[in-house]
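Observations on the model geometry
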Amino acid sequence: MKFFTSSLVAAAIAVATVEGVPTPTPPGIPSTSGAQSQLAALSVRTTDATGYSRSKFPHWITIHGACNTREEVFKRDGLDV
């Protein structure tokens, strides 16, 4: 299944990047200044209100160097990591 999905994605990218082929543009893209205004208006939380605490995940131990278990799983299961 991974091969099929990867092949399908690669084919879609190849088709989308063929010179002269128009690609669809999503509606409602703001101007640069509009996007900057929208970003500036976002409120940013300074504390974590989700209850997440790294100490709740002791199984994410350092494997070697700065890589922990989570990062090793990404390398193991990911593509081109």
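Remember, it's a predicted structure, so these values are computed and weren't measured experimentally.

Tallying secondary structure elements over the chain gives three helices and two strands in all. Walking the chain from its N terminus toward its C terminus, one meets helices and strands in the order α-α-β-β-α. For the chain, buried positions account for 1% of its 81 residues. Taken as a whole, the chain presents about 7,300 Å² of accessible surface, with 64% of it coming from carbon and sulfur.

Quick look at the pattern of salt bridges now. Any two side chains of opposite charge can pair, given that their charged atoms come close. For the coordinates displayed, the defined rule picks out two salt bridges. Between Glu-72 and Lys-75 there is a salt bridge, with its nearest N and O atoms 3.2 Å apart. With Glu-72 and Lys-75 both in helix H3 (residues 69-77) and three residues apart, the pair spans about one turn of that helix.

Across the chain, pLDDT averages 77, with 75% of residues at or above 70. At the level of individual helices and strands, the chain shows its lowest average pLDDT in helix H1 (residues 2-16), which scores 56, and its highest in helix H2 (residues 32-41), which scores 95.

What counts as what
Residues numbered from 1 in each chain as written. Predicted model: local features only at pLDDT ≥ 70, side-chain atom pairs only at ≥ 80, totals over all residues. Heavy atoms only, no water. Helix = DSSP H or I, 4+ residues; strand = E, 2+ residues; numbered from the N terminus. Buried < 20%, exposed > 50% of the residue type's maximum accessible area, 1.4 Å probe, protein only. Areas by Shrake-Rupley, 256 points an atom, 1.4 Å probe, with all protein chains shown as cover. Salt bridge = Lys/Arg side-chain N within 4 Å of Asp/Glu carboxyl O. pLDDT = per-residue confidence, 0-100.

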